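One-letter residues, chain by chain:
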Amino acid sequence: MPLPADLPTPLTPIQDPVLSRAGVELRLKRDDLLHPTVPGNKWRKLTPNLEHALAEGHTRLVTFGGAYSTHLRATAAAARVLGLSSVGVVRGEELADRPRNPSLAAAEADGMQLEFVARGAYRELVRDLGRPLAQRWGRCLVLPEGGSNALAVRGTAALPAELGDLDGRDTVCCAVGTGGTLAGIAAGLPPGARALGVAVLRGEGYLEEEVAALHRAAYGRTFANWRIDHGHHGGGYGKVPAALEEFAAGFGERHGIGVERRYVAKALQAVYGLAGTAALPPGSRVTLVVTGLPDGPTAAGTGLSRS
């Protein structure tokens, strides 16, 4: 593997009176501890793509993301370690002259060249996998938005095997931005267990189509053991409303685990909100995949900073 990782990552049981009253058991799959700079689902999605890039002799990676994309900073970190150059196409040309947020600052610190493009042009570039700018970048491996492709799906499909015996009471939950992690988890589950994705952006219908397309690309078939919750995106991509911030901070204080806000916190809040309902009935065991590191002081306070 081009980026060795600490596998399997720990399973941490969470004892919480709210969940206990609902009759729901919660475990955290600590993929945030998987790799110091390319943690969580990003390592699982990137590793097979990086192996392909090296095998094909590529020296540059090009990919896409929004202002708070963890995929961009993970790709930049992986490229630096492997001696590859990297380009990140960022949605929103107005961001070019603004102070960098932690995700974009980290990507630039790892040598990624950021290309800020208008939102309409960004969608076209994502759809065409960057072909209109190929002459500028030269020969390169183009990774899709979020790193979600058939190779990435097969990479994340290995995760359920690390969770022990899963059966009909089990639901494996993750945040959903582009659908690759959810697609892989669903494909890797044994019969009876189910996958629950929590949308972190407004994308009802669209995200379901993306997951099904990824299944067809990776396995030539679709799966029926998953669903996406669209009620906990907090207003859209990158949005962290006050209630979500309060929930994440309270969880961290109670359990001593810092929570990344734009993805993990939304999935975790959904578990608490759905516990005891038909979606997660009493007797359920939920394994929530912690897909990334908290930013800034929260990360440093839990020993999970990027330094």
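Let us look at the structure shown here. (Residues numbered from 1 in each chain as written. Predicted model: local features only at pLDDT ≥ 70, side-chain atom pairs only at ≥ 80, totals over all residues. Heavy atoms only, no water.)

**Considerations on the sheet that holds strand β6 (residues 141-142)**
- Spatial ordering of the open sheet is given by β5-β4-β3-β6, a layout of four strands whose pairing is parallel. Looking along the sheet, the strands with just one partner apiece sit at the ends: β5 (113-117) and β6.
- With five bridges joining them, strand β4 (residues 85-91) and β5 adopt parallel strand pairing. The partner of Gly 88 across the bridge, within β5, is Leu 114. (Pairing = 2+ DSSP bridges. Helix = DSSP H or I, 4+ residues; strand = E, 2+ residues; numbered from the N terminus.)

**Remarks on the environment of Ala 195**
- By secondary structure assignment, the location of Ala 195 is in strand β8 (residues 194-199).
- Classification of Ala 195 as buried rests on a relative accessible area of 3%.
- Ala 195 sits 25 residues away from Asp 170 along the chain, and the two C-alpha atoms are 8.5 Å apart.
- For Ala 195, the contacting residues outside a window of four places in its chain are Thr 171, Val 172, Leu 182, Ile 185, Ala 186, Leu 189, Asn 225, Trp 226 and Arg 227. (Buried < 20%, exposed > 50% of the residue type's maximum accessible area, 1.4 Å probe, protein only. Contact = heavy atoms within 4.5 Å.)

**Looking at the nonpolar core**
- Grouped together as the largest cluster of nonpolar side chains are 56 residues, with contacts concentrated most on Leu 26, Leu 28, Leu 268 and Leu 288.
- In terms of residue count, the dominant contributor to this core is helix α11 (residues 264-274) (eight residues).
- If near-sequence neighbours (up to four positions away) are discounted, Leu 288 is found in contact with Leu 26, Arg 27, Leu 28, Lys 29, Cys 173, Val 264, Ala 267, Leu 268 and Val 271.
- Within the second largest apolar cluster, 15 residues are counted, among which are Leu 46, Ala 53, Leu 61 and Ala 79. (Core = buried A, V, L, I, M, F, W, Y, C linked by side-chain atoms within 4.5 Å.)

**As for the pattern of salt bridges**
- In this structure the tally under the stated criterion is 14 salt bridges.
- With a closest N to O distance of 3.1 Å, Glu 108 and Arg 100 form a salt bridge.
- Here the residues in one salt-bridge network are Lys 29, Asp 31, Arg 44 and Glu 162, joined through shared partners. (Salt bridge = Lys/Arg side-chain N within 4 Å of Asp/Glu carboxyl O.)

**Digging into helix α3 (residues 70-82)**
- Between its first and last C-alpha, α3 extends 18 Å over 13 residues, near the 18 Å set by a 1.5 Å rise per residue.
- Those residues of α3 that sit buried are Thr 70, His 71, Leu 72, Arg 73, Ala 74, Thr 75, Ala 76, Ala 77, Ala 78 and Ala 79.
- Against α2 (40-55), β3 (60-65), β4 and α4 (102-109) lie the buried residues of α3.
- Its side-chain oxygen placed 3.2 Å from the backbone nitrogen of His 71, Ser 69 serves as the N-cap of α3. (Expected span 1.5 Å × (residues − 1). Polar contact = N/O pair within 3.5 Å; in protein donor to acceptor, adjacent residues only side chain to side chain.)

**Focus: the layout of surface pockets**
- Looking at the largest pocket, its volume works out to about 910 Å³.
- If you trace the largest pocket, you find 47 residues lining it, with Glu 145, Gly 146, Gly 177, Thr 178 and Leu 201 closest to the centre.
- Elements with a contribution of two residues or more to the lining of the largest pocket: α2, α3, α5 (119-127), β7 (170-176), α8 (180-188) and α9 (206-219).
- In terms of residue count, the dominant contributor to the lining of the largest pocket is α9 (six residues).
- Grouping the amino acids of the lining of the largest pocket by side-chain chemistry returns 18 nonpolar, 18 polar and 11 charged. (1 Å grid on protein atoms, 1.4 Å probe; cavity = no way out; pocket = protein on both sides within 12 Å on 5 of 7 lines; lining within 4 Å. Points joined across faces, edges and corners; volume = space filled by probe spheres on them. Nonpolar A, V, L, I, M, F, W, Y, C, P; charged D, E, K, R; others polar.)

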